[in-house]
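Chain residues, written in single-letter form:
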Amino acid sequence: METVALVSSYDKEDMASTKVLHSCTILTHRIITNRLHILFHFTVTLLLLYYRISHFFNGNSLPALSWALITISELIFTFIWCLTQAFRWRPLSRTVSINEIPANMNLEGLDVFVCTADPRKEPTMEVMNTIISALALDYPPEKLAVYLSDDGGSYITLYALKEAFAFSKRWLPFCMKYRIKTRCPEAFFSLAKYEELSITDEFSAKKDELEMKYNLFKRNVEKICEDASNYVVFDRPAHAEIIHGDTYMDDNENDEESTKMPLLVYVSRERRPSKPHRFKAGALNALLRVSEKFSNGPYLLVLDCDMYCNDPTSARQAMCFHLDPQMSPSLAFVQFPQMFYNISKNDIYDNQARSAYRIKWQGMDGIRGPSLSGTGFYLKRKALYGSPNCEDKHPSEAQRTSGELMKFSSEEEIAILKEAKLLASCNYERNTKWGEEASYLLHCRGWTSVYLCPTRPCFLGCTTIDMKDALVQLVKWSSGLLQIGLSRFSPLSYGVSRMPVLQSMCYGYFIYQPLYAIAFLIYGIIPQLCFLNGIPLYPKVLSPWSVVFSTVYLSAIGQQLHEVLSDGGTTLTWWNEQRIWVIKSVSGSCFGCLDLFMKWSGIKKTTFRLTNKAVDKDKLEKYEKGEFDFQGATMFMIPLSALAILNMACFIGGLGGIILRRNYEEMFGQIFLSLFIMALSYPMIQGLLKRSKKEKQ
């Protein structure tokens, strides 16, 4: 491994100082291993495709349609595999030294954006814990502003936000005094051991007092949720309210309670059934416009409503890159991994996304930076308005670039709130590009990004614990990304002319991976039907060509297993990843492709499916036991169940034909494939059997 120290230098009051704020380690050993494997695997894959194509044109007795379809599926696998290798070309890891940032450094303003939409599916207390943890970031409070977008327009959320701020006035001084790292109250009070703190009588008394106040706050919010008659208002005007600002300070507060607090603003944008809504992207755009009138921080932190700040130093960690005068001019954002506190030991749904955050994001960082993962990133506001070389500033930046919170008189505050409501109206809901699409366009304009994965997770969220919610997310992502891939903005055409080829390939993988659905559907139907009819699709087991097919399979499996084991995982981890990859491709990606087709044909309008973040006890028990929960996912399970039944039926029928014909050598490949599919299908088979037992009872 080769470590490169990156030095940041800056001037402060005419005194030049030089500090090492961050360094990167080029993973040389992994690079060599990856490139050798790419060469080897690509060679044997070309031999496999040569076998397919040459036998298609030369074999008179071959089933042409079946052979053509299986060749198409293998071409799709090869195409996506080639795109994936860009992630493995030059991986690196980074570290930061926040202690090297001078204590008197004039940090620029930071605006935190949190979006919520429905108190029923996104528990209000989880949202409030995220807000409190954001208010408690280790950042100058006069430079920090927190904005909550409530797309449900719920009085529950507004009430809870005011209660959360009242609690945070006591919580923040406690965290600062005792140097608490876990600044999410729910997480802190559930700790078995209070970090590495010096437990004194004073600390214990203060902790107990705050825990009592927190439980009271929690009960009040939960009670109003229980008594609520209307959670979401679908037809409403825009509303903006300052929960805390300079005009809200009470001179009579005691010293502890008068600790400087960040700005806190509530925004509920206008919602009309007849006007476009744009969902989370629209909410972020509204916060972008409204925040320009209040704080206009040069940097933005975007968080999911259930993704609390687990390390208060994350902002300073990100600034180690944004303060670097060599890197900063072209740096758009610093991305942290999306991690979860409720992942079970088995992680049957692969919620930790090990492949993404341990392989793909590190690989992209070695090119020109990772893509946005939708949460946990520190973004330079200027990057949203032009290219790195663009001298023109956004109009609001010309007025004030320091990020210092504005101070308003009562009349000015009324006027600015009125303007904020106008900016949160439906008339501004246009050009809402966020997520993968936003980072893709930023990189096309010449911006770079950085991936930082510290030992202590900076952000922790609540992940899905059933199949339905996991697949709902995938359908939404697959449809949106594939739509970009089939447009003129495809990374393999538009992107490749504006960014390095390897970076275009990385975006190509994200955008075209829904095509796995087609390849898996073919592989789940054609070989099985041919097996039933005694038609061989693979070489005889003793044929030299059989070695090629076996090598391709073992090479792919071996690489994935090596990556899992070298990352501290187990063979069970590898098997769970393989299984859920197939399940999600055949179900979620398949419906994502169907969703896109229906949108294009005009059969269906774009709809937003909100993932349920509320935790069900029965579902949680199943998840922790490693049992798949298909409740509510019946529609998604149709293709999986159909393929599982077809595979079993063809396997049983085909075995009879093999016994009669005695052509074991010719059919060995299809026997192995059927057995492998049955092993992958075990959760569906088990679910079908349990359902049939319940129906009989």
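Residues numbered from 1 in each chain as written. Predicted model: local features only at pLDDT ≥ 70, side-chain atom pairs only at ≥ 80, totals over all residues. Heavy atoms only, no water.

Going by what an unreviewed UniProt entry lists, the chain is known as Cellulose synthase-like protein G2 and is assigned to Gossypium lobatum. You can read under Subcellular location (unreviewed entry) in the UniProt record for the chain the words "Endomembrane system". (UniProt positions renumbered as here; feature names shortened; annotations may be inferred.)

Draft legend 1. Local environment of the UniProt feature "binding site: UDP-alpha-D-glucose" (unreviewed entry) in the chain. The feature "binding site: UDP-alpha-D-glucose" (unreviewed entry), as given by UniProt, occupies Lys 121, Glu 122 and Asp 151 in the numbering adopted here. These residues run over 31 residues, yet every pair of their C-alpha atoms falls within 12.6 Å of each other. For Lys 121, the location among the structural elements is in the loop between β4 (110-116) and α3 (124-135). The class of Lys 121 is partly exposed, set by a relative accessible area of 34%. With respect to the secondary-structure elements, Glu 122 resides in the loop between β4 and α3. A polar contact of 2.8 Å, which involves the side chain of Glu 122, links it to the backbone nitrogen of Ala 117. (Helix = DSSP H or I, 4+ residues; strand = E, 2+ residues; numbered from the N terminus. Buried < 20%, exposed > 50% of the residue type's maximum accessible area, 1.4 Å probe, protein only. Polar contact = N/O pair within 3.5 Å; in protein donor to acceptor, adjacent residues only side chain to side chain.)

Draft legend 2. Examining the packing of helix α13 (residues 467-485) against helix α17 (residues 571-601) more closely. The N-to-C vectors of α13 and α17 enclose an angle of 50°; their axes lie 7 Å apart at closest approach. With respect to α17, the axis of α13 lies oblique. For the crossing formed where α13 meets α17, the hand is right-handed. Broken down by class, the residue content of the contact of α13 with α17 amounts to 12 nonpolar, 7 polar and 3 charged. (Axes fitted to C-alpha atoms, helices over the stretch in contact; angles between N-to-C directions. Parallel < 35°, antiparallel > 145°, perpendicular 65-115°, else oblique. Left-handed = near helix turned anticlockwise from the far one by under 90°. Nonpolar A, V, L, I, M, F, W, Y, C, P; charged D, E, K, R; others polar.)

Draft legend 3. How the structure looks around the side chain of Thr 116. The residue Thr 116 is located in strand β4 in this model. Residue Thr 116 is classed as buried on the basis of its relative accessible area of 6%. In this structure the side chain of Thr 116 is engaged in a polar contact, spanning 2.8 Å, whose partner is the side chain of Glu 122. When sequence neighbours within four positions are dropped, the list of residues in contact with Thr 116 reads Glu 122, Val 127, Leu 148, Ser 149, Asp 150, Asp 151, Gly 152, Thr 157 and Cys 305. (Contact = heavy atoms within 4.5 Å.)

Draft legend 4. Geometry of unusual backbone geometry. In this structure, Arg 179 is a non-glycine residue whose phi angle is positive, near 55°. Mapping Arg 179 onto the fold places it in the loop between α4 (155-178) and α5 (185-189). Even without being a glycine, Ala 353 presents a positive backbone phi close to 50°.

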